[in-house]
Each structure stands twice: as structure tokens, then as C-alpha cells.
Number of protein chains: 2
Amino acid sequence: MSWGLSNLPYGVFTRREGETPRVGVRYGDHVLDLAAALHDEVFATGSLNAFMARGVTAWRETRTLIQNRLSDDPAVTAYLVPLAEVRMHLPFEVADYVDFYCSLEHASNLGRIFRPDDEPLKPNWRHLPVGYHGRAGTVVPSGTPIVRPSGQRGAGTFGPSARLDIEAELGFVVGTPTGLGERAGRFEDHVFGVTLVNDWSARDIQAWEYVPLGPFLGKSFATSVSPWITPLEALSEARVAGREQDPEPLGYLRRERPWGLDLTLEVRLNGEVVSRPPYREMYWTPDQMLAHMTVNGASLRTGDLYASGTVSGSEPDQRGSLIELTWNGTEPIKLADGSVRSFLEDGDTVTISATAPGPGGEVISLGEVSGTVRPAR
Amino acid sequence: MSWGLSNLPYGVFTRREGETPRVGVRYGDHVLDLAAALHDEVFATGSLNAFMARGVTAWRETRTLIQNRLSDDPAVTAYLVPLAEVRMHLPFEVADYVDFYCSLEHASNLGRIFRPDDEPLKPNWRHLPVGYHGRAGTVVPSGTPIVRPSGQRGAGTFGPSARLDIEAELGFVVGTPTGLGERAGRFEDHVFGVTLVNDWSARDIQAWEYVPLGPFLGKSFATSVSPWITPLEALSEARVAGREQDPEPLGYLRRERPWGLDLTLEVRLNGEVVSRPPYREMYWTPDQMLAHMTVNGASLRTGDLYASGTVSGSEPDQRGSLIELTWNGTEPIKLADGSVRSFLEDGDTVTISATAPGPGGEVISLGEVSGTVRPAR
């Protein structure tokens, strides 16, 4: 069972319009109303943040408590709400949002596409996980319509993006903060769980604006996240050694414990699978991203979100963006309905899902993040 | 008088340790306690955000009310707290932080320093205000010590930054939000006021990391802001036509009203003036930055901060960063105590202040933002 006792992801739901959102845990096709089941008002504050701020010991104790109640306490059924009766919301208030660039294949593919005569990777890429800050205020929950952005696509050229793309990513949600000037400790003491991220990208806007200060309006119109935050403990069977790195990273980036993750993402365009990116092939692991992000003393806040960057594997059907899948539009995808796609068209729906191995051959589902493209205004 | 009835900037203060910070308005050497004077609990919420969210009509009415009370009501003196008895705090909760790059001289100087054989400006620079997102969680109030960041300064090289710098900037604080997919309306309907910004920069970290996704750890360790938010209405006498632009910007960047600002910044290093950057020479005006930032439908939140980028004028003693003032360290500054500086040393204090013309020959002070460099940990 994909949503059993070994999964139990956290989300935020309402049953009625206007109600303050409540924290729940998904169990099968139901949501366990935690504020009611555990008599704890931290789960009735509208987001996961207050609970996440309690820290790793509280996270573990709460998970064990929920597992025990669901296994042993028949009375708990009174607090199980059918999924069909709830609406899911943004599960946490996003503090800062950072996007990394951790797939060797993705970074190499983009280098080959944009700079065919140069080395595909920039000199810094194998030395540090390259990243940048994105717009936290436009992180939206799965299902939010994505209005095609307009902008400059070159000198004197303005209009709706003609090269709207997706990026299939994994996001990490920070629970335990640090102070200014400190470095983060162990990954599992700071990071509460993971979410799926679609980092929508307007390639034409991005290509014109990004030199020398990086992506801005080509990304800031929307970033979608999945409704269920999978706690790290649910991913214990998915942990693998990170990919071998050459050169060996500097000391502060040394991996102390295995935080590679054997997740398989799936990207569907209008229902049809177009890619299955393997997360385990990522070059930089999330513990390394966290160490890097804070090595300069930058503080963490509860609700910080950092994402892996596009997950692309070594095979063509494992690429996590259309610009790679269609090789910058030169090799359009053919869909089952006979149409072709270089980039997204109005009305297209993109859904990214993921699974991980669980205990005893079970499958842990991470759910999905979905969005439909609306015409430019 | 620099802090008279035509100025009246907003800040957030406490009189005692542990007290919830309150919003006040500076008047001379006093702070008017607004929650008490106006019997309005919006000023006792710990930050300016709730008041800013009320919108431009409320901002104007409140300012008039305060001016009337200070002029006509002797009883108001009961709510004036001596500045010496208060501690100032971060005046608003920062939602997203965006940093632009709007000085033609600054962008040109950096181009000449880093790419002496190329055109100093990138092809996009005169077509749009180049900008990127910074870390909102490390925006700190004036007076916060700045711990020298450590990081990678090249392949295999790690250590404290040896090229710690400042950037003297003007910041704009958003009060009125917009929805996802909308564009911002008039500048003065969204922006509540201005603050002084020191965008501390580790040039060696930044130079190694920033290709291709922009600055990250070279900036994210700290950004300091001044305690007093000057409302736009206090700057009415400072408004000037923006600098002439060639080529003429696209329609969405057209200036409808003059929002050039005749402010003069002053940068002091250990008390000694090292630069007086003129804000009126900036190429892109703040109304253009706002229009650009939202043209793709990115929403605004109350508390969004966007900064101008380093303010540098055409004269050598008008440059707003040490990398320009010392031409990348090749022409060190000589200080009055006989020492020289290429970049900042531990113990150095940098203070940025600014003034603007007020009505009838008055001077509007914007106060100052200050920080002292502490050794790396």
C-alpha cells in the first residue's frame, strides 16, 4: 500500500470554504485530522510551520504516536476524513526559496544546447552545488493554474513566452532554523521532509535576462509544489550512497551519511508519460546542498524550501525538462493524440509524481504536483 | 530641521527588553508611539506590515493625522519617547527581496574591471532593469554585526573572504500586494517608502560561484537596512525626471510620472567619508523596476523589498562600492589614520546615510544603516 503506515506524509486541508486550514496525515484514501486526533492545537495553525519548528525529536515522537494510534486505536477512525471531502492547500509558509542545479546530465545538456562549442560544464560546477534564490511568494500549491507569462524575449521584443517549459525537481523543506553566522548541523536534524517541485520556466525570457545575475522573470511567475510533505523517516529505505564525485569535494561538503535518494519521478503531459527521471543519479546530494547554503553563515528559517534543480538521468527518456526532451525544440515529442510538442501549449496539463522503495517491498508514493497552462493575459 | 513635520519616517522600537516592538514615527530626537497616540492596535503588531497592508489611502490619512496632532495637540507630547531610550528593530517583515543593477556607472565599472576586453555592458542592460532574488531571511537591521563569511574562492580553495565589500543602495518597501498573474499598478499605490540598504558582498566568493545562475553565497550572509522607512510623500520635493534612456524602453517600462529621486548618499568607513553617490543619476527608476518585476505576473506581497543596486555616479568619489573606489584593489583608499583599504578589514564600520531636499529649503534625512565587520568564525 503506497499510503500506509510507513508513508504518512503531512499536508494541510480544509473541509469547508473559509475554514482555517488544518494539518493532516494521509493514510490510504483518508486524511487523519491531527489537531482532533492528537488534541494538539499546533496542527490547527493554518500551515505546517509551527509543528516543523518543534524540531526533530518532536517529529519522530509524533510519527510514532500516529503510527501507534492508526494501528491500535479503533477510535481513531472518527478523525479520518475521506480525501474526496477535503481541499488541499500550500502545506507550509515558504520562507526563502533556493533552487540548485545538481544534475550532471541536466547541466551538461543545457551546456551542450546553449554553448555547443564550449565545455558543457562551467569550471565551478564539480566543485560546489550551484544555486540561486527564487521567488518565495510565487510558490503555489498543486492545481494552481499557470498563466503563461509575458516579457522581453530579446531587444525590443515583448510578448507571451513562446518557450514555456517545466523542470521536474525534488524540494527539501527546512524545519529547524539556525542563527545568523552559524552553519547547519546534520541534514536530518534540519530538514523535515520532501515535496515535488515543478519549476516552471520561460526559456525565451530567461535566455535574454539571465546574464550576468541569473534567472529572474523567466522563473518568478510560478513554482508549483505537491500537497504532501513526505517526512525523511518515510524515506529510510530509499537512502543510497550518493553518486561518486570527482574531484573529491572540500571538507564542508563531505558526505557523512548516505543521503542519495532512490526515487523515481514521472512526468506526464496531458496524461501521457514523457519522462521518468531517476533521482538517485543526481550528482550533489541534499545534505551537501544544505551544507553549502549555510557555509557562509546564512541563517535558515522554518519554511525554507530548497530544490534540487531539474532531475535528468543519463537516458533520453529520463530528462526532466522539455528543452532537454526536445533538444531545444529541434526534436519535438509526439503525443498519443497525434499532436507534437516542443514547448507547452495553452491548455496543457503537466503532472509530476514520484515513488520510493519502502519497507518489505512496499512502495512509498510522494503524490503529485500538477498544473495547467492558461493563456497569457 | 531634518526630522521635522515634512519627514516623519516610520520605524519599529522597543523601550524594554522583551516588549513587543511598536511602530513609531521619528520627530526630532523623539519617537511618537503611534499605537498610544492614535489608539490603533495596528501599530502594536511588531512590524510595519499590518499598517502597510492597509494601502495608500490609509497611509496618506495617517500621515496627515500625525502631522496635525504634532502641530496642534499639546497632549501628544505624552506619547513622544526620547530616541535615547529606545532600541530600533527591523522595521518590517521582509517577504521577498530583489536586488536590481540600475546604475549605468556601476554596471559599466564592473564590466571594465572584470571583462576589460569586452563591451562593459551586456546586451540586455539598456533594455531592462537587470535584477535577481536575494535572501530575505538575512536582511538585518542596522547595527547587526557582520561576520566575515567563509566559502569557496576558487577550485579547491576555502576560507574567509579576503575581498569583503559593501554596496550602497536604496531600497523600496512594498505595502500593497497584487495577485498571481496580475501586474502592478502605479508605483505610488504599491510602494510605501524607502530604506537605505548595504548589500554586503564577498567578491571572491561571488566571482567563483556566479556563473551561470548569479550571485548566491557571495551575498546571502547579510543585507543591512536602515531603521527608518521614509514614506514616499516625504520625498515629493526630491522627485525629478529620470535620466534620459537610449534606446527608449518598451511600453511597459515607460515612465508615467517622475520618479527619479534627488537623494545624495554618503558612505563612511570608520567615520571618514569615502563616497557621496548621487541617486538622481541612476539609469532605471524605481517605477520601472516595479513594472518590470511584475510584468510576468509575479505577485507582490506586503513586505517585499527591492533595492536599486549599487548607486554609483560619474565621478570617482561617487562610487558606491569598494571594488569600484579601489578599482578592484589596485588603487587602495588612504584613510586619515594612515591606513589603506582595498577591501574591508575586521573591525571596520561602514555607515551609509542619505539626505533629500524637503519643502522650503529643508533637508529630509533618511537616517543611516551601519554595520561592523567581525572576524570569520
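Residues numbered from 1 in each chain as written. Chains lettered and ligands numbered in written order. Predicted model: local features only at pLDDT ≥ 70, side-chain atom pairs only at ≥ 80, totals over all residues. Heavy atoms only, no water.

### Side note on helix H7 (residues 286-294) of chain A
Residue and element names in this part refer to chain A. Burial analysis of H7 places 8 of its 9 residues in the buried class, the great majority of the element. For H7, the set of buried residues is Pro286, Asp287, Gln288, Met289, Leu290, His292, Met293 and Thr294. Looking at the buried residues of H7, the elements they touch are strand E6 (97-100), strand E13 (168-174), helix H5 (187-190) and strand E22 (305-307). (Buried < 20%, exposed > 50% of the residue type's maximum accessible area, 1.4 Å probe, protein only. Helix = DSSP H or I, 4+ residues; strand = E, 2+ residues; numbered from the N terminus. Contact = heavy atoms within 4.5 Å.)

### Regarding the environment of Ser339 of chain B
Residue and element names in this part refer to chain B. Within the secondary structure, Ser339 is located in the loop between strand E23 (333-334) and strand E24 (340-341). When its relative accessible area of 23% is taken as the criterion, Ser339 is described as partly exposed. Each C-alpha atom, one on Ser339 and one on Ala184, is 48 Å from the other, the two residues being 155 residues apart in sequence. Not counting the four nearest positions on each side in its chain, Ser339 is found in contact with Ile333 and Lys334. Side chain to side chain, Ser339 and Asp337 meet in a polar contact 2.6 Å long. Side-chain polar atoms of Ser339 contact the side chain of Arg341, separated by 3.1 Å. (Polar contact = N/O pair within 3.5 Å; in protein donor to acceptor, adjacent residues only side chain to side chain.)

### Some words on the relation of the copies chain A and chain B
The two copies are related by a screw motion: chain A maps onto chain B through a turn of 180 degrees and a shift of 0.0 Å along the axis, at an RMSD of 0.0 Å. Look at the turn and shift together and you get a two-fold axis relating the two. For chain A, the smallest separation between a C-alpha atom and the rotation axis is recorded for Gly214 of chain A, amounting to 2.0 Å. A shared interface surface links the copies, since 100% of the contact residues of chain A are contact residues in chain B too. (Least-squares fit on C-alpha atoms with pLDDT ≥ 70 in both.)

### Re the interface of chain A and chain B
Across the boundary between the two partners, chain A contributes 57 residues, which contact 57 residues of chain B. With both sides pooled, the region where chain A packs onto chain B buries about 5400 Å², and carbon together with sulfur makes up 61% of that total. At the boundary of chain A and chain B, one finds 2 salt bridges. In this structure, Arg135 of chain A engages Asp304 of chain B in a salt bridge whose closest nitrogen and oxygen atoms are separated by 3.0 Å. Our count for the contact surface shared by chain A and chain B stands at 26 residue pairs in polar contact (both at pLDDT 80 or more). Among the secondary structure elements, those contributing two or more residues to the side of chain A that touches chain B are E6, strand E7 (131-134), strand E10 (150-154), strand E11 (157-160), helix H6 (203-209) and H7 of chain A. Examining the composition of the side of chain A that touches chain B, we find that 4 residues originate from one element, E7 of chain A, more than from any other. Residue composition of the side of chain A that touches chain B, by class: 30 nonpolar, 18 polar and 9 charged. (Buried area = accessible area lost by both parts, 1.4 Å probe. Salt bridge = Lys/Arg side-chain N within 4 Å of Asp/Glu carboxyl O. Nonpolar A, V, L, I, M, F, W, Y, C, P; charged D, E, K, R; others polar.)

### A short note on the pattern of salt bridges
The final tally for this structure, using the stated rule, is 50 salt bridges over all chains. Measuring nitrogen to oxygen at the nearest pair gives 3.9 Å for the salt bridge that ties Arg186 of chain B to Glu188 of chain B. You can call Glu188 of chain B buried: its relative accessible area is 11%. Residues Asp262 of chain B and Arg280 of chain B are paired through a salt bridge, measuring 3.4 Å at the closest nitrogen-oxygen approach. Placement of Asp262 of chain B in the loop between strand E19 (260-261) and strand E20 (264-269) and of Arg280 of chain B in the loop between strand E21 (272-275) and helix H7 (286-294) is noted, with a sequence separation of 18 residues between them. Through salt bridges with shared partners, one network takes in Arg15, Arg16, Glu19, Arg22 and Asp33 of chain A.

### Remarks on the domain arrangement of chain A
All names here are of chain A. When the domains of chain A are assigned, the result is domain 1 (10-88) and domain 2 (97-374). On a C-alpha basis, the centres of domain 1 and domain 2 stand 28 Å from each other. Every contact between the two is made by 18 residues of domain 1 and, on the other side, 17 residues of domain 2. Across the domain 1 to domain 2 interface the summed buried area is about 1400 Å²; carbon plus sulfur atoms make up 68%. It is Tyr10, Met52 and Trp59 that lose the most area in domain 1 upon contact with domain 2, and together they represent 39% of the buried surface on that side. Scanning the region where domain 1 abuts domain 2 turns up 1 residue pair in polar contact (both at pLDDT 80 or more). Those elements that place two or more of their residues in the side of domain 1 that touches domain 2 are strand E1 (10-14), strand E2 (22-27), helix H2 (49-52) and helix H3 (56-72). If you tally residues by element for the side of domain 1 that touches domain 2, the top one is H3, at 4 residues. Partitioning the side of domain 1 that touches domain 2 into residue classes produces 11 nonpolar, 4 polar and 3 charged. (Domains from an automatic or database assignment.)

### What about the sheet that holds strand E1 (residues 10-14) of chain B?
Residue and element names in this part refer to chain B. Taken in spatial order, the 5 strands line up as E4-E3-E2-E1-E5 in an open sheet, and their pairing is antiparallel. Both outer strands of the open sheet, strand E4 (80-82) and strand E5 (87-88), are each paired with one neighbouring strand and no more. Bridge count for E1 against strand E2 (residues 22-27) is 4 bridges, and the pairing is antiparallel. By the bridge assignment for E2, Val12 is matched with Val23. Relative to E1, helix H3 (residues 56-72) is tilted by about 70 degrees, and along the sheet it contacts E1, E2, strand E3 (30-33) and E4. (Pairing = 2+ DSSP bridges. Axes fitted to C-alpha atoms, helices over the stretch in contact; angles between N-to-C directions.)

### Structural notes on the side chain of Glu167 of chain B
All names here are of chain B. With respect to the helices and strands, the residue Glu167 is situated in the loop between strand E12 (164-165) and strand E13 (168-174). Within polar-contact distance, the side chain of Glu167 engages the side chain of Arg203 at 2.9 Å. A polar atom in the side chain of Glu167 sits 2.9 Å from the side chain of Lys219. Leave out the neighbours within four places in its chain, and Glu167 touches Asp99, His106, Val197, Asn198, Asp199, Ser201, Arg203, Lys219, Thr310, Gly320 and Ile352.

### Some thoughts on the UniProt feature "domain: Fumarylacetoacetase N-terminal" (unreviewed entry) in chain A
According to UniProt, the feature "domain: Fumarylacetoacetase N-terminal" (unreviewed entry) maps to residues 7-91 of chain A in the numbering used here. Secondary structure over residues 7-91 of chain A splits into 31% helix and 24% strand, and the C-alpha atoms at its two ends are 17 Å apart. (UniProt positions renumbered as here; feature names shortened; annotations may be inferred.)

### Let's talk about unusual backbone geometry
Look at the link from Asp246 of chain A to Pro247 of chain A: it is a cis peptide, with omega at 5 degrees. Tracing the backbone through its elements, the reader meets Pro247 of chain A in the loop between strand E18 (239-240) and strand E19 (260-261). Despite not being glycine, Trp327 of chain A shows a phi value in the positive range, around 45 degrees. Looking at the element boundaries, Trp327 of chain A is found in the loop between helix H8 (322-325) and strand E23 (333-334). The exposure class of Trp327 of chain A is partly exposed, given its relative accessible area of 24%. In the Ramachandran plot, Leu8 of chain B falls in the positive-phi region, its phi being about 55 degrees despite a non-glycine side chain. Relative to the helices and strands, Leu8 of chain B resides in the segment before E1. Of the residues examined, Leu8 of chain B reaches a relative accessible area of 2% and is grouped as buried.

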